[in-house]
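Okay, here's what each chain looks like letter by letter:
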Amino acid sequence: MFDRFELLIGKDQLDKVKKTKVMVVGIGGVGGIVASSFIRSGIEDIVIIDHDTVDITNLNRQQVAYQSTIGMKKVDAMEKILLDINPHCRVRKYDLFLNHENIEEVLDREKPTYIIDACDSKDTKKEIILNSLHRNIKFICAMGTGNKMDPSMLEITDIRKTTNDPLARIFRKWVKDTGIQDKIMVVSSREVPKKTGKVVGSNSFVPTSAGLLMTSYVINEIIKDSKKDSVC
């Protein structure tokens, strides 16, 4: 089923992709497309984490959201989708809110090669960053995609180079105050967010585009590392 992708990257790199274990935290507008596009890209070992249920308001942007899945746990709906794409993939699901009390236990058990942070909680994002740096796990974080309309303004960059992203601004300050020197790679939009009041506006194309950028980043990193290993 991956013949067309193998034409682009070669069998050795595809084999490396298949053996790489990824963890996706947050199965919403960004994380849902990350998870499904990972499986379509050959990943066969994936951990998905979310404690939310599918709501009618998710229908405009989330991969797990259909009339038939409203009320389901997101991890259950996502697992069904992933196995429907590739029944041979291994899906480990956690119906929990990842935080400082349980993150070490989950990471000890799963030992992912990459963590994709697509969650909404600032505290969880901080825990992912700190634990990933401490354990030398590769990771990438999603910043804000709400109130944005132009997917072409999205970019993958170090958190320190972000602009016009209210969430990224909070994390730029936190990284500086915490004294973190390592690169913190994120997907962020340079677009000035629209003002919608208390409720954040959303659409189907900006979160999806952000998720696909994250998948692209990780898959290309796996391929790059595979080529380095072959040279060594």
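Residues numbered from 1 in each chain as written. Predicted model: local features only at pLDDT ≥ 70, side-chain atom pairs only at ≥ 80, totals over all residues. Heavy atoms only, no water.

### With respect to the pattern of salt bridges
So, step 1. Under the definition given, this model contains 16 salt bridges.
So, step 2. With its nearest N and O atoms 3.3 Å apart, the salt bridge here joins R90 to D45. On the criterion of sequence distance, the pair formed by R90 in strand β3 (residues 90-94) and D45 in strand β2 (residues 45-49) is long-range, its members being 45 residues apart.
So, step 3. Note on D45: relative accessible area 18%, which makes it buried.
So, step 4. Several salt bridges converge on common partners, so that one network encompasses K21, R92 and E110. (Salt bridge = Lys/Arg side-chain N within 4 Å of Asp/Glu carboxyl O. Helix = DSSP H or I, 4+ residues; strand = E, 2+ residues; numbered from the N terminus. Buried < 20%, exposed > 50% of the residue type's maximum accessible area, 1.4 Å probe, protein only.)

### Examining the layout of surface pockets
So, step 1. For the largest pocket, the calculated volume is near 950 Å³.
So, step 2. Taken together, 40 residues form the lining of the largest pocket, with A118, C119, D120, S121 and T145 sitting closest to its centre.
So, step 3. Of the residues forming the lining of the largest pocket, the biggest block, 3 residues, is contributed by helix α7 (residues 166-178).
So, step 4. In the lining of the largest pocket, the residues fall into 17 nonpolar, 15 polar and 8 charged.
So, step 5. Its boundaries defined by the atoms lining it, the second largest pocket holds a volume of some 290 Å³.
So, step 6. Taken together, 13 residues line the second largest pocket, and the ones lying closest to its centre are L133, I137, K138, F139 and K183.
So, step 7. If you list the elements that add at least two residues to the lining of the second largest pocket, you get α6 (122-135), β5 (138-142) and α8 (205-231).
So, step 8. Tallied by class, residues from the lining of the second largest pocket come to 7 nonpolar, 2 polar and 4 charged. (1 Å grid on protein atoms, 1.4 Å probe; cavity = no way out; pocket = protein on both sides within 12 Å on 5 of 7 lines; lining within 4 Å. Points joined across faces, edges and corners; volume = space filled by probe spheres on them. Nonpolar A, V, L, I, M, F, W, Y, C, P; charged D, E, K, R; others polar.)

### Section: the nonpolar core
So, step 1. F38, I43, I46, I48 and I116 are the most contacted members of the largest nonpolar core, which has 41 residues in total.
So, step 2. Contact partners of I43, with chain neighbours within four places excluded, come to V17, T20, V22, F38, C89, I219 and I222.
So, step 3. One finds Y94, L98, C119 and W174 within the second-largest nonpolar core, a separate group that totals 26 residues. (Core = buried A, V, L, I, M, F, W, Y, C linked by side-chain atoms within 4.5 Å. Contact = heavy atoms within 4.5 Å.)

### A word on empty space enclosed by the protein
Regions of empty space are outlined by a rolling probe, equal in size to a water molecule, passed over the atoms.
So, step 1. In the structure shown here, the tally under the stated rule is 1 cavity of 30 Å³ or more.
So, step 2. Approximately 30 Å³ is the volume found for the largest cavity.
So, step 3. Forming the boundary of the largest cavity are M23, L98, I103, V106, L107, I115 and I128.
So, step 4. Class assignment of the residues belonging to the lining of the largest cavity gives a composition of 7 nonpolar, no polar and no charged.

### Brief notes about unusual backbone geometry
So, step 1. Of note, the phi angle at K111 is positive, near 50°, even though the residue is not glycine.
So, step 2. By the element assignment, K111 lies in the loop between α5 (103-110) and β4 (114-117).
So, step 3. What makes K111 exposed here is its relative accessible area of 60%.
So, step 4. Here the phi dihedral of N164 falls at roughly 60°; this positive angle occurs in a residue that is not glycine.
So, step 5. Assignment of secondary structure puts N164 in the loop between β6 (154-158) and α7.
So, step 6. You can call N164 partly exposed: its relative accessible area is 34%.

### Considering the side chain of K21
So, step 1. Tracing the backbone shows K21 in strand β1 (residues 21-25).
So, step 2. At a separation of 2.7 Å, a polar atom in the side chain of K21 contacts the main-chain carbonyl oxygen of E110.
So, step 3. Those residues in contact with K21 that lie beyond four places of it in its chain are D45, V47, R90, E110, K111, P112, T113 and Y114. (Polar contact = N/O pair within 3.5 Å; in protein donor to acceptor, adjacent residues only side chain to side chain.)

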